[in-house]
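# Structural overview for review
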Amino acid sequence: MARWLVEIQGDAFDVEEFPFWFPSGDAHAAAENGKVFLVGDIFDSITEASDVYEIAAQLMDEYFAIIGLLQPGLRKPTVGMVFREDDDGSRQGFALLSGVAAGRSKVHGTLSVAGGQEQETRQTQAQELLAASRSDRRLQVAVSLISISGATWPHLYRCLEEIEYYLGKKVSDAGLCSNNQRERFTRTANSAEVSGRDSRHRLGKFDPPNDPMSISEARAFVSQTLIATLRAVAKSQSSGGNAV
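Here is what the cut-offs are and how they apply
Residues numbered from 1 in each chain as written. Predicted model: local features only at pLDDT ≥ 70, side-chain atom pairs only at ≥ 80, totals over all residues. Heavy atoms only, no water. Helix = DSSP H or I, 4+ residues; strand = E, 2+ residues; numbered from the N terminus. Buried < 20%, exposed > 50% of the residue type's maximum accessible area, 1.4 Å probe, protein only. Contact = heavy atoms within 4.5 Å. Axes fitted to C-alpha atoms, helices over the stretch in contact; angles between N-to-C directions. Parallel < 35°, antiparallel > 145°, perpendicular 65-115°, else oblique. Left-handed = near helix turned anticlockwise from the far one by under 90°. Nonpolar A, V, L, I, M, F, W, Y, C, P; charged D, E, K, R; others polar. Pairing = 2+ DSSP bridges.

## Looking at the overall build of the chain
Per the secondary structure count, the chain includes 10 helices and five strands. Across the 244 residues of the chain, 44% fall into the buried class. Partitioning the intrachain contacts of the chain with sequence separation of at least 6 by distance along the chain shows that 64% fall at a separation of at least 24.

## Considerations on the packing of helix 8 (residues 179-190) against helix 10 (residues 215-239)
Closest axis-to-axis distance for the helix 8/helix 10 pair is 11 Å, and the angle between their directions is 130°. One way to sum up the angle between helix 8 and helix 10 is to call them oblique. Once helix 8 is placed against helix 10, the crossing between them reads as left-handed. Note on element contacts: helix 10 touches helix 8 through Glu217, Ala218, Phe221 and Val222, opposite Gln181, Arg182, Arg184 and Phe185. Residue classes in the contact of helix 8 with helix 10 are distributed as four nonpolar, one polar and three charged.

## Structural notes on the pairing of strand 5 (residues 91-94)
Sheet topology note: the strand 4 (residues 78-85)/strand 5 ladder contains four bridges and is antiparallel. When the bridges of strand 5 are listed, Val82 appears paired with Phe94. Counted between consecutive antiparallel strands, the loop separating strand 4 from strand 5 contains five residues, among which Gly89 sits at a positive phi close to 95°.

## A word on the pairing of strand 2 (residues 28-32)
The element strand 2 is extensively covered by neighbouring structure, given that four of its five residues are classed as buried. Here strand 2 pairs with strand 3 (residues 35-39) via five bridges, running antiparallel. When the bridges of strand 3 are listed, His28 appears paired with Val39. Count of turn residues in the strand 2/strand 3 antiparallel hairpin: two residues, of which Asn33 carries a positive phi of about 55°.

## Structural notes on unusual backbone geometry
Its identity is not glycine, yet Asn33 carries a phi of approximately 55°, on the positive side. Of note, Asn33 is situated in the loop between strand 2 and strand 3.

## Regarding the sheet that holds strand 2
If you trace the five strands from one edge of the open sheet to the other, you get 2-3-1-4-5, paired in antiparallel fashion. If you trace the sheet from one side to the other, it starts and ends with strand 2 and strand 5, each paired once. Between one strand and the next, the sheet's axes are offset by a mean angle of 35°, whatever the strand orientation. Relative to strand 4, helix 3 (residues 49-70) is tilted by about 135°, and along the sheet it contacts strand 1 (3-9), strand 3, strand 4 and strand 5.

Keep in mind that these numbers describe shape and distance, not what the molecule does.
Put into structure tokens, the structure is as follows:
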């Protein structure tokens, strides 16, 4: 059966996460002969390779944002060649934008969905979180903010604001963290004496906490809060109940 395939380019260390977390669905990742491709029914009605590429790029952004929450420290792969496979198995490649793969030594075993019936009947955690994020624009924005490489204090604070607006309450009131954790984060983000030029306010406007967060602690705090929110949404979706 004719189909489109879009290569995911990058280090195997990073690329192999896609078939692990997104092995099935309308758009999923499949390993084949040492390479990984985005494939699926979502591309079936498309006739132009350029349109396939654009959709694949959007999916890559979404998928990597979720994967980055579950597996921090990865480098985002790029969208590579687009291939059109005919009914006889022959393929034509379209090089719409070249990607460059960097080298690292560690390589995980490549996973394949071929014959994986059990994988296809059960969603991975990443698939559940992605569906949860797609349920509300604020959650989508929160995921996109936390996935920014080198996210600064304003990005993280905005992410928290989107989460809390969705919840209709502070994350501490929702039981996702303690009052002290949330206060440490907000006071650090608001204090120019601690967060420097990325502070949300001028010097002297807010007193820093006695134990300010580092940017890495802040990123972990917001990530964990977002994951907890998405898990609650996913649980409510499966049970038909209400989120946090």
